[in-house]
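Residues per chain, in single letters:
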Amino acid sequence: MDSTVTDGGGQGLPEEVGGPPAGAAARRTPERTVGDGLRRLLGHRTDASRGHPTHGGTVANLEAAWSARDLTYTPVAVAEAVRREPGLAVARRLTVPLPDGTEQPLADLSPWQLVNLRPATVLGLPARLRTAYGLTDAQLSLVGKYTLQHLGYDAFRDFLRGEVAPGVILAPATMHPSWPKTAAVLGLGRDNLRAVAVDLDARADPDARRELLEECLGEHEPVLLDVAVLGGGDLGAVDPLAAILDLREEFGRRGLCYPVHADAARSDVAATGELARSAYVTEQHDALDRADSVSIAAHRAGPAPQPAGGLRYRDRRQRDQALLGTGAGSFGLFGLFGLFGPSGLFGPSGLFGTEDSGGTGDSGGIGDSGGIGDSEGTGPTPGRALFAAKRLYAALLTMARPGDPFTVTTVHRLPAERAAGAVGAGQRRAVEEQLAFIRDRIVARSDEELLRDREALALLRELGPDQLPVGYAFNPVVSGEPNTVLRTANELNDRVRARLGVAPLGAPPLLVTASALDPAAYGRPFVDAFRRRLGVPAGDEHVPVTYLICTPADPRPTDPATDDLVPRIIETLREAVTGCVEEMFPAS
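In short, a report on the structure. Each chain has its residues counted from 1, running along the sequence as written. pLDDT decides what is reported in this predicted model: residues at 70 or higher carry local features, side-chain atom pairs at 80 or more are listed and counted, and totals for whole chains, interfaces and linings draw on all residues regardless. Side-chain calculation: all heavy atoms of the structure are included, whereas hydrogens and water are not.

### Topic: unusual backbone geometry
Here is step 1: Residue Pro-469 follows Leu-468 across a cis peptide bond; omega there is 0°.
Here is step 2: Phi is positive for Ala-202, close to 65°, though the residue is something other than glycine.
Here is step 3: The secondary structure listing takes helices from DSSP runs of H or I that are at least 4 residues long and strands from runs of E that are at least 2 residues long, numbered from the N terminus. Note that Ala-202 resides in the loop between strand E7 (193-196) and helix H10 (206-219).

Pasting the structure below:
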């Protein structure tokens, strides 16, 4: 006998015969609490969307791609089943809307048309087959043996009749390592994970994405998933999600339809209040409810020792669609849908928020949007962490003094450098004026003074990385002349990283790591622009540029109660880089 549970949206769903797995009853309430907290955080409607916690962002990304792959190929399986199975013959008259506005019988569509139906059309197929033709679960189960999950790629490829190339995933060059892993686990192949080059702010370049989409359209390569990264990677860049979604609509009208996933790896992109978040990042956050799926990694939004992530589908039917044809008896229990596993709940739930807080700010969980202030309970808000990162960025910009044996260049440009039309002497003058303003009105101020200065606070919002962390690089100055050789600059930054990889005893709690900007991955425009700003524009064109990543280990580095750690961090960096330059050039 089937029992019934309520899935959080108020709809009763049958559980499997024999009852839920051990421990499921205890998990159900916190799972739904977390899922509802994710809905509020991302702006999704309760009745339409559905989500659940995961062990972390990697698992959430894998599930999102797995679901999107099946979303793409499900119409092929349904069409084959309808054509071949006598028990589904009545559904051969089923028509579906095409991207060009016309409507045709599903069974008459070409493979290319089938893999390019709009997601909402695909997700509506099970209900239409049941209601329009009175098909039972037993009849729908006939579809199962034609699915990719049942057959595997080798057998399923016969249904594509040589008209459809292997599917691809688009993701920015700044993508998390989970995406290459996902391509491997799903059997897509690394060659079918297409990296989108970034612009001068390390955000996915819309023009580069357009070129890849044009290629997919021309080569009949279905786009299984288009990924926008919001705050992930070593540079904390937030991709232009709103523009990516608009581009999806444009290509959809031309017959290339695909789901869009927002990898909000650093959940502070959703959780931070507008006090520290730039206008650009706010625009991308406001577009989250248009993405088909969103993954987050809550443990990266400030200090948190345990892994915690989550996945939210804009349309709850996407969570269910992989089970098309397996019978309604499998519906209703989160553990049967996702990849998070039965043991991965209470840690994530504790970090996301409790029943009382709902992740809305009382617990300091990811849903906390309370400006920059610390919340009572588990620790600092993501807004506090981002505010601190921007203050550290401002201090790095202005740390080099006349006569210092080094220069410092932040990976992220100043607003004056990003301004349209600013070139040559005019741009240099604007940059100098902005640096002077930052030095006097931001770096030299306490938090309280800064919060009272609306003009300075407005600029602070637009400074630095879109999200954590802060990237920068040093370049030695020898005999008064800045170095112009890339390998020498790389050596200096490697030495600083080695010296401060673990903070010296008595130094401020600071973690300094390093990464590299590889032209093959990020694209020449971004890397070359950074090299020019660093002062090493020529030579070694294919050599990656080493840069440092600064992450204060104290969660509140600008809090007066901690004796304002930012100046202490800057002095620690100054001593380290000066010592390294002296080691490299002892006679200078």
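### Considerations on helix H11 (residues 241-253)
Here is step 1: The end-to-end C-alpha distance of H11 is 19 Å, a good match for the 18 Å that 13 residues give at a rise of 1.5 Å each.
Here is step 2: Those residues of H11 not exposed but buried are Leu-241, Ala-242, Ile-244, Leu-245, Leu-247, Arg-248, Phe-251 and Gly-252.
Here is step 3: Phi turns positive one or two residues past the end of H11, at Gly-255, with a value near 100°. Expected helix span is computed as 1.5 Å times (number of residues minus one). For every residue, the accessible area obtained with a 1.4 Å probe (protein chains only) is divided by the maximum for its type, and the residue is called buried under 20%, exposed over 50%, and partly exposed between those limits.

### Focus: the packing of H10 against H11
Here is step 1: Look at H10 against H11: their axes get within 11 Å of each other, and the N-to-C directions meet at 25°. In terms of orientation, H10 lies roughly parallel with respect to H11. The element H10 and its partner H11 pack so that their crossing is right-handed. In contact with Pro-206, Arg-209, Arg-210, Leu-213, Glu-214 and Leu-217 of H10, H11 contributes Ile-244, Leu-247, Glu-250 and Phe-251.
Here is step 2: Each residue belonging to the contact of H10 with H11 can be placed in one class, and the counts come to six nonpolar, no polar and four charged. Angles run from 0 to 180 degrees between N-to-C directions of axes, and those axes are lines fitted to C-alpha atoms, restricted for helices to the stretch in contact. For classification purposes, angles smaller than 35 degrees are called roughly parallel, those larger than 145 roughly antiparallel, those between 65 and 115 roughly perpendicular, and all remaining angles oblique. Crossing handedness: left-handed means the near helix sits turned counterclockwise from the far one by under a right angle, and right-handed means the same turn made clockwise. When checking whether two residues touch, look at their non-hydrogen atoms; a contact exists if any pair is within 4.5 Å. Each residue gets one label: Ala, Val, Leu, Ile, Met, Phe, Trp, Tyr, Cys and Pro are nonpolar, Asp, Glu, Lys and Arg are charged, and the others, such as Gly, are polar.

### Some thoughts on the packing of aromatic side chains
Here is step 1: When two rings of Phe, Tyr or Trp (its six-membered ring) have centres within 6.5 Å they constitute a pair, described as stacked for plane angles under 30 degrees, edge-to-face for angles over 60, and tilted for the intermediate range. With the rule as written, the count across this model stands at six aromatic pairs.
Here is step 2: With centroids separated by 6.2 Å and ring planes inclined at 40°, the aromatic side chains of Tyr-146 and Phe-159 adopt a geometry described as tilted. Of the two residues, Tyr-146 is situated in the loop between helix H6 (137-140) and helix H7 (148-151) and Phe-159 in the loop between helix H8 (153-156) and strand E6 (168-172); the sequence distance between them amounts to 13 residues.
Here is step 3: With relative accessibility at 9%, the residue Tyr-146 sits in the buried group.
Here is step 4: Among the residues examined, Phe-159 registers a relative accessible area of 9% and is labelled buried.
Here is step 5: Ring geometry for Phe-156 against Phe-159: centres 5.5 Å apart, planes inclined by 75°, an arrangement best described as edge-to-face. Like Phe-159, Phe-156 is buried.
Here is step 6: Positioned above the aromatic ring of Tyr-280 is the side chain of Arg-203, whose terminal nitrogen or guanidinium carbon lies 3.7 Å from the ring centre. We call a charge positioned above a ring when the Lys NZ or Arg CZ atom is no farther than 6 Å from the ring centre and deviates by at most 35 degrees from the ring normal.

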